[in-house]
Amino acid sequence: METPSVRDVARRAKVSLGTVSNVLNRPELVRPHTRARVLQAIEDLGFVRNESARSLRSGGSRLIAYLMLDQTNPFFADLGRGMEDVARRHGLGLILCSSDHDAAREDDYLSMLVEQRIHGLLITAVNYDNPRLALMSRHRVPVVFVDGPGDRTDRCTVSVDDVEGGDLAASHLVEQGHRKIAFVGGPTSIPQVADRLQGARNGLAAAGLDPDALVVMGTDELNVAEGRRAGARLLGMPARRRPTAAFCANDLLALGLLQEMTLRGVTLPAEMSIVGYDDIDFAAAAAIPLTSVRQPRRLLGSTAAELLIDEAQTGDDHRHRHIQFPPELIVRASTQARGARLRARTG
Ligand code: RIB
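Cut-offs used in this document
- Residues numbered from 1 in each chain as written.
- Predicted model: local features only at pLDDT ≥ 70, side-chain atom pairs only at ≥ 80, totals over all residues.
- Heavy atoms only, no water.
- Buried < 20%, exposed > 50% of the residue type's maximum accessible area, 1.4 Å probe, protein only.
- Helix = DSSP H or I, 4+ residues; strand = E, 2+ residues; numbered from the N terminus.
- Pairing = 2+ DSSP bridges.
- Near = heavy atom within 4 Å.
- Polar contact = N/O pair within 3.5 Å; in protein donor to acceptor, adjacent residues only side chain to side chain.
- Areas by Shrake-Rupley, 256 points an atom, 1.4 Å probe, with all protein chains shown as cover.
- 1 Å grid on protein atoms, 1.4 Å probe; cavity = no way out; pocket = protein on both sides within 12 Å on 5 of 7 lines; lining within 4 Å.
- Sits in = over half its atoms within 2 Å of the grid points.
- Points joined across faces, edges and corners; volume = space filled by probe spheres on them.
- Nonpolar A, V, L, I, M, F, W, Y, C, P; charged D, E, K, R; others polar.
- Expected span 1.5 Å × (residues − 1).
- Phe/Tyr/Trp six-rings, centres within 6.5 Å; stacked < 30°, edge-to-face > 60°.

**Student:** I keep staring at the pairing of strand β5 (residues 157–160) and nothing clicks. Help me out?
**Tutor:** The two faces of β5 match: Thr157 and Ser159 on one face and Val158 and Val160 on the other face are all buried. Pairing geometry for strand β4 (residues 143–146) and β5, over two bridges, is parallel. Bridge pairing in β5 links Phe145 to Thr157.

**Student:** Is there a simple way to explain the site of the ligand in this structure?
**Tutor:** The ligand sits among Leu69, Asn73, Phe75, Phe76, His101, Asp147, Gln192, Arg196, Leu222, Asn250, Asp278 and Gln295. Here an oxygen atom of the ligand and a side-chain polar atom of Asn73 are 2.9 Å apart. A distance of 2.5 Å separates an oxygen atom of the ligand from a polar side-chain atom of Asp278. When isolated, the ligand has an accessible area of 270 Å², and the protein chains bury 100% of it. At a threshold of 2 Å from the grid points, most atoms of the ligand map onto the largest cavity.

**Student:** How do you make sense of empty space enclosed by the protein when you look at a structure like this?
**Tutor:** In this approach the atoms are scanned with a rolling probe the size of a water molecule, which exposes any empty space left behind. This structure, assessed with the given rule, holds one cavity of 30 Å³ or more. Around the largest cavity sit 16 residues that line it, and Asn73, Phe76, Arg196, Leu222 and Asn250 are the ones nearest its centre. Sorting the residues of the lining of the largest cavity by element identifies α5 (74–89) and α9 (191–206) as the ones contributing at least two each. Among the elements that line the lining of the largest cavity, the one with the most residues is α9, at three residues. Residues that form the lining of the largest cavity fall into these classes: seven nonpolar, five polar and four charged.

**Student:** Whenever I open this one, α5 confuses me. Can you help?
**Tutor:** Every α-helix carries 3.6 residues per turn, so stepping three or four residues along brings you back to the same face. Across its 16 residues, α5 extends 23 Å between first and last C-alpha, which sits within 8% of the 22 Å expected from 1.5 Å per residue. Taken as a whole, α5 has its buried residues at Pro74, Phe75, Phe76, Asp78, Leu79, Gly80, Gly82, Met83, Val86 and Ala87. Positioned one or two residues after α5, Gly91 has a phi angle of 70°, which is positive.

**Student:** Would you take a moment to explain the packing of aromatic side chains for this structure?
**Tutor:** Two numbers describe a pair of aromatic rings. These are the distance of the centres and the angle of the planes. Applying the stated criterion to the full structure yields four aromatic pairs. Ring centres of Phe183 and Phe247 lie 5.5 Å apart, and the angle between their planes is 70°; on these two criteria the pair is classed as edge-to-face. Within this pair, whereas Phe183 is found in strand β6 (residues 181–184), its partner Phe247 is found in strand β8 (residues 245–248), the two being separated by 64 residues in sequence. Judged by its relative accessible area of 1%, Phe247 is buried.

**Student:** Is there a simple way to think about helix α7 (residues 131–138) in this case?
**Tutor:** Residue Asn130 occupies the N-cap position of α7, its side-chain oxygen lying 2.8 Å from the main-chain nitrogen of Arg132. Just past α7, the residue Arg140 takes up positive phi, approximately 60°.

Here it is as structure tokens:
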């Protein structure tokens, strides 16, 4: 059975093609009883507009896309939620895609999205220098970098100061008396991870500690399983060399480390204090609520979407902006001053 066309709708409703087009795109121009007749014909025939054909004719889709790094990480879902709130306010839809930290998969998505003439692209990229991003800009498709490098001149960026965030985490642990701290995270080819590590180093240096006070434990990915593996590695270290605290590059790693320590009978936080990063909802909900460096996730997403839509609307008059939010340390039960532990033993 052929799909009904606009012409079929016009014939059934006994109106012109232009009237059907107005009902679909500018219903306020059509008298109510005519509009009702056309809508009834659409329903009777089961007509669905061809959005891709419409967007080609009008030169503009009503869809924006967010190409994220990892769909299994709630951090990115929260960003997407902020983006969607703004998109809906502007009568737009949001497509979510995930590169899963894979550059080739990211390139495949970019290739598809360029052809779709989307309204704009928000991206937390594996490769911020993928030439398809420049191609999109040449085709006047706005592209905004979210949670990535903020020092670009060629497009808007929205991020958090991750160097400051790493410093907050490490300084918090030093202030609590920890003198041997693990940094759990990687690969450092991810700019966010590299910045958090640098911030942690800055924090320890500012406290006058030697660089070897920070034990860097690289991971292949930033997920719960890698956090558990890091926990096993930490517990495999001789007790005298083992760090008494760990700063993890994101909450999923921290939750995995916390789970491994708990399963192996380690007393948290007395024997191991843990700090995460992002402050996803699971951080506060953990069996031992997780201290974490909060990123304003929905605000990151909504701010990026507003910049994107502004660029799509203002075109050449748009001026690129670089918005960076401050991180915030949220202290919970997974960290404790070492002095408190000594009291616990003598209590
Ligand atoms: O994708 C890894 C991490 O980078 C996320 O957890 C979030 O912190 C992002 O900035």
